[in-house]
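Next come the chains, spelled out residue by residue.
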Amino acid sequence: MWAQDFGLFFPDVLLCSESTSQNGRRVGSGHGTKVPRSVNMENLQNGYLFSEISMRELEHIQKYPNSKLIKLGIGDTTEPIPDIISSAMAEYAHALSTISGYRGYGAEQGNMALRKAIAQTFYRDTGVKANEVFVSDGAQSDISRVQMLLEPNATVAVQDPSFPAYIDSSVIIGRSGNFKEETGKYEKILYLNCGPENHFFPDLSNTPRTDIIFLCSPNNPTGHAASRLQLEQLVEFAKANGSIIIHDSAYAAYITDDSPRSIFEIPGSREVAIEISSFSKFAGFTGVRLGWTVVPEELLYSNGFPVIKDYNRIVCTCFNGASSIAQAGGLACLSSDGYLAINAVLDYYKENAKIITNAFTSLGLKVYGGKNAPYIWVQFPESRSWDVFNEILEKTHILTVPGKGFGPGGEGYIRVSAYGNRESVIEASRRLKFFLK
């Protein structure tokens, strides 16, 4: 019974982590086949970051069963989905029980009405057309689908620090080379330093060419939103080098200044970029699962073949389309009333970010992010990020994320999420000020 409860409340742990020996082979009993394990899977390091955080959370709860744990770690939304949106999904789901309302398979690329709404809402005046929008079950799935577009020997550049899925999916597809313990990096992946010294954006003046450049803006974990000038420089760099930018704009709705919300606001980007985005953090759909990817018609391979045709083939081969119920919710999100309701929730999280930022700033720490993203990136000089994570968890019963989990460039930092109810965020700020002063 306990195991069933564990699976109910910590499904990620069961699905994404496993017990392994030092040589990377699974520890356990069972029938051994003659099928070798993928060398790429063996090349993955440890468990997935957020599954490891969930395991640490469970251990802490077992150690301190009466503690009131505050979770500001994994970036999972906490506020209810607005009624106008959940009602639309409920009505659609109920209609499936009727003769007139039942629907089976939909288009793999997504409901055309939703594709049009996404193009009109997020890409007005950028030239993005509805047929270039591919609706999906979330940005993380699309990261791996996009990886399938190119040959295994295609070269990859990632921001350092960066969201782990860019690196892990590169490893799984076979692009990474071997992991080097001394550097904490994979030998064939180009890590682009993105710290405060270069305004959290790669120095392109001394960056070698790669086939693929992953860029997340606003960035997870640093919270930095790339400026228009920075993105213009990146587009020019990609055009000069014949590279493809994979732009992750999952947090664009949190931008409060004039930073671009899409790579396609930049002239020339349609020839060099793909954009991945999501309803998860925009609309609280972390459990509902809905996202999209934009592949422009002008984006071509070196032989002149349109990338969009291959992406369409991958989607049709590997995916039967996003849930029709989730897509009904997506349409409701982009209605005038739904959009207003969502922005009220976003404002709530933005206020949380201000409260957390002020708490760390009052302690004399250097704090980044929190303005254009729901993440606060806090520097602890001369400290190991896992040590800081453990100390904060032990002393304050607050769950964060160690910066090292996002790459070697995250060492000495922790990421704090603004997702939480206001009472918990205020209490977390009080604890931090008291225990870390």
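Quick look at the structure, then.

Analysis parameters
Per chain, the residues get numbers from 1 upward, laid out in the order the sequence is written. Given that the model is predicted, a residue must reach a pLDDT of at least 70 before its local features are reported, and side-chain atom pairs must reach 80 or more before they are shown or counted; all residues, however, enter totals for whole chains, interfaces and linings. For the side-chain quantities, the full set of heavy atoms in the structure was used; hydrogens and water were omitted. Partly exposed residues are those whose accessible area sits between 20% and 50% of the maximum for their type, while under 20% is buried and over 50% is exposed, using a 1.4 Å probe and protein chains only. Numbering of helices and strands runs from the N terminus, with a helix taken as a DSSP run of H or I at least four residues long and a strand as a DSSP run of E at least two residues long. Two strands qualify as a pair provided DSSP detects at least 2 bridges between them. The rule is simple: put a 1 Å grid over the protein atoms alone, call a set of points where a 1.4 Å probe fits but cannot get out a cavity, call an open set with protein on both sides within 12 Å along at least five of seven lines a pocket, and count a residue as lining if it has an atom within 4 Å of a point. Grid points are joined across faces, edges and corners, and a volume is the space filled by probe spheres set on the points. Three categories are distinguished: nonpolar for Ala, Val, Leu, Ile, Met, Phe, Trp, Tyr, Cys and Pro, charged for Asp, Glu, Lys and Arg, and polar for the others, with Gly belonging to the last. For this analysis, a ring pair means two rings from Phe, Tyr or Trp (six-membered ring only for Trp) whose centres lie within 6.5 Å, classed as stacked if their planes differ by under 30 degrees, edge-to-face if by over 60, and tilted for the remaining angles. Helix span is expected to be 1.5 Å times the residue number reduced by one. This arc corresponds to the set of directions leading from the helix axis out to the C-beta atoms. Should any heavy atoms of two residues lie within 4.5 Å, those residues are counted as being in contact. Helix axes are fitted only over the stretch in contact, all axes being lines through C-alpha atoms; the angle between N-to-C directions runs from 0 to 180 degrees. Counted as salt bridges are all cases of a side-chain nitrogen of Lys or Arg within 4 Å of a carboxyl oxygen of Asp or Glu.

## A short note on the pairing of strand 15 (residues 413-417)
- In terms of burial, strand 15 is largely enclosed, as five of its five residues are buried.
- Every second residue of strand 15 is oriented toward a common face, with Y413, R415 and S417 on one face and I414 and V416 on the other, all of them buried.
- Where strand 12 (residues 375-379) meets strand 15, five bridges bridge the pair, whose relative direction is antiparallel. Its bridge partner lying in strand 15, Q379 is registered against Y413.
- Examined bridge by bridge, strand 14 (residues 401-402) and strand 15 share two bridges and lie antiparallel to one another. Paired with V401 across the strands is R415, a residue of strand 15.

## Let's talk about the layout of surface pockets
- In this structure, the second largest pocket occupies an estimated 370 Å³ of space.
- Together, 17 residues line the second largest pocket, and L150, G242, I244, Y301 and S302 are the ones closest to its centre.
- A class-by-class count of the residues in the lining of the second largest pocket yields nine nonpolar, three polar and five charged.

## Here's the deal with the packing of aromatic side chains
- What the rule picks out here adds up to 24 aromatic pairs.
- Taking the centre distance of 4.7 Å and the plane angle of 80° together, the rings of Y349 and Y419 count as edge-to-face. Here Y349, found in helix 13 (residues 336-362), pairs with Y419, found in the loop between strand 15 and helix 15 (422-435); they are 70 residues apart in sequence, far enough to count as distant. Assigned by exposure class, Y349 and Y419 land together as buried.

## Quick word on helix 9 (residues 228-241)
- With 14 residues, helix 9 ought to run about 20 Å at 1.5 Å a step, and its terminal C-alpha atoms sit 20 Å apart, in line with that.
- Looking only at helix 9, the buried set comprises Q230, L231, L234, V235, F237 and A238. Projection of helix 9 onto a plane perpendicular to its axis shows the buried side chains occupying an angular sector of 160°, all on one side. Along helix 9, the residues that are exposed and aim more than 90 degrees away from the buried face are L229 and A240.
- Elements that come into contact with the buried residues of helix 9 comprise strand 7 (212-216) and strand 8 (244-248).
- G242 sits one or two residues past helix 9 and shows a positive phi near 65°.

## Brief notes about the sheet that holds strand 7
- If you trace the seven strands from one edge of the open sheet to the other, you get 2-10-9-8-7-3-6, paired in mixed fashion. At either end of the open sheet lies a strand with only one pairing partner, and these are strand 2 (133-136) and strand 6 (189-193). Each neighbouring strand pair of the sheet contributes to a mean axis angle of 20°, computed without reference to strand direction.
- Looking at chain direction, strand 3 (residues 156-160) and strand 6 are connected through five bridges and run parallel. Paired with D160 across the strands is N193, a residue of strand 6.
- Seen against the sheet, helix 9 touches strand 7 and strand 8 and runs at an angle of roughly 170° to strand 7.

## Focus: helix 4 (residues 49-63)
- Taking 1.5 Å per residue as the helical rise, helix 4 with its 15 residues ought to reach 21 Å, and the 21 Å between its terminal C-alpha atoms agrees with that figure.
- Along helix 4, the residues that are buried comprise L49, F50, S51, I53, S54, E57, L58 and H60.

## Describing the pattern of salt bridges
- Throughout the structure, instances matching the rule amount to 19 salt bridges.
- Here D142 makes a salt bridge to R145, at a shortest N to O gap of 2.7 Å. One end of the pair is D142 and the other is R145, both in helix 7 (residues 139-147) and three residues apart, which spans about a single turn.
- The exposure class assigned to R145 is buried, which follows from its relative accessible area of 9%.
- Linking E411 and K404 is a salt bridge whose minimum nitrogen-to-oxygen distance equals 3.8 Å.
- A network of salt bridges, in which partner residues are shared, links K129, E132, R270, E297 and E298.

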